[in-house]
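Here's the letter readout for the chains.
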Amino acid sequence: KLEGQPAVITSHSFGSQVVLYFFKWVTVPESDGGGGGGEDWVEKNIHSFVNVAGPLLGVPKAVSALLSGEMKDTADLMGPMGTALERVLGRKNRKDLFTTWTSLWEMLPIGGD
């Protein structure tokens, strides 16, 4: 708005999901809980979107985290650290915890055409 030019938006990692959510939200009428920008708001106000390492098609490890509570990150913990993790926060408890994190649901892999 300040320069009278459409903006360039840059995001990194999960920020891409936030930007895509914003693009959808801003076009929805305010009466329906959106930003009220109108259907063409993004085309008028955004020149380009630069995504740096964002999971646009999802992250495969999100599936195992939601189904079993196990991720490569936690499975790689060896020795005393892994044993402590299991004692304090077992796999079922991790699964129950992970299913409450909306960011994991947002990163489930999606297919294309």
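Criteria and thresholds
Residues numbered from 1 in each chain as written. Predicted model: local features only at pLDDT ≥ 70, side-chain atom pairs only at ≥ 80, totals over all residues. Heavy atoms only, no water. Helix = DSSP H or I, 4+ residues; strand = E, 2+ residues; numbered from the N terminus. Buried < 20%, exposed > 50% of the residue type's maximum accessible area, 1.4 Å probe, protein only. Contact = heavy atoms within 4.5 Å. 1 Å grid on protein atoms, 1.4 Å probe; cavity = no way out; pocket = protein on both sides within 12 Å on 5 of 7 lines; lining within 4 Å. Points joined across faces, edges and corners; volume = space filled by probe spheres on them. pLDDT = per-residue confidence, 0-100.

Peer 1: Tell me about the overall build of the protein, and name the residues and values.
Peer 2: If you tally the helices and strands in the protein, you get 7 helices and 2 strands. Scanning the protein from its N terminus toward the C terminus, one meets helices and strands in the order β-α-α-β-α-α-α-α-α. Considering the protein as a whole, with its 113 residues, one finds that 22% of them fall into the buried category. Taking the intrachain contacts of the protein between residues at least 6 apart in sequence as the baseline, contacts between residues at least 24 apart amount to 66%.

Peer 1: Run through the environment of Ser11, naming residues and quoting values.
Peer 2: Tracing the backbone through its elements, the reader meets Ser11 in strand β1 (residues 7–12). Ser11 sits in the buried class, given a relative accessible area of 6%. For the pair formed by Ser11 and Val50, sequence separation is 39 residues and the distance between their alpha carbons is 6.4 Å. Not counting residues up to four positions away in its chain, the partners in contact with Ser11 are Ser16, Val19, Phe49, Val50, Asn51 and Val52.

Peer 1: Break down the layout of surface pockets for me, with residues and values.
Peer 2: Taking a probe equal in size to a water molecule and rolling it over the atoms shows the remaining empty space. As a volume, the largest pocket reaches approximately 210 Å³. Lining the largest pocket are Gln17, Leu20, Tyr21, Lys24, Pro55, Leu56, Gly58, Trp105, Glu106, Leu108 and Ile110. Elements represented by at least two residues in the lining of the largest pocket include exactly α1 (15–27) and α7 (102–106). Tallying contributions element by element places α1 first for the lining of the largest pocket, with 4 residues.

Peer 1: How would you explain the confidence of the model for the protein if you had to name every residue and give the values?
Peer 2: If pLDDT is low for a region, its predicted coordinates should not be looked at in detail. Averaged over all residues, the pLDDT of the protein is 84; the fraction at 70 or higher stands at 85%. Mean pLDDT values over the elements of the protein span from 60, in helix α4 (residues 72–75), up to 96, in strand β2 (residues 46–52).

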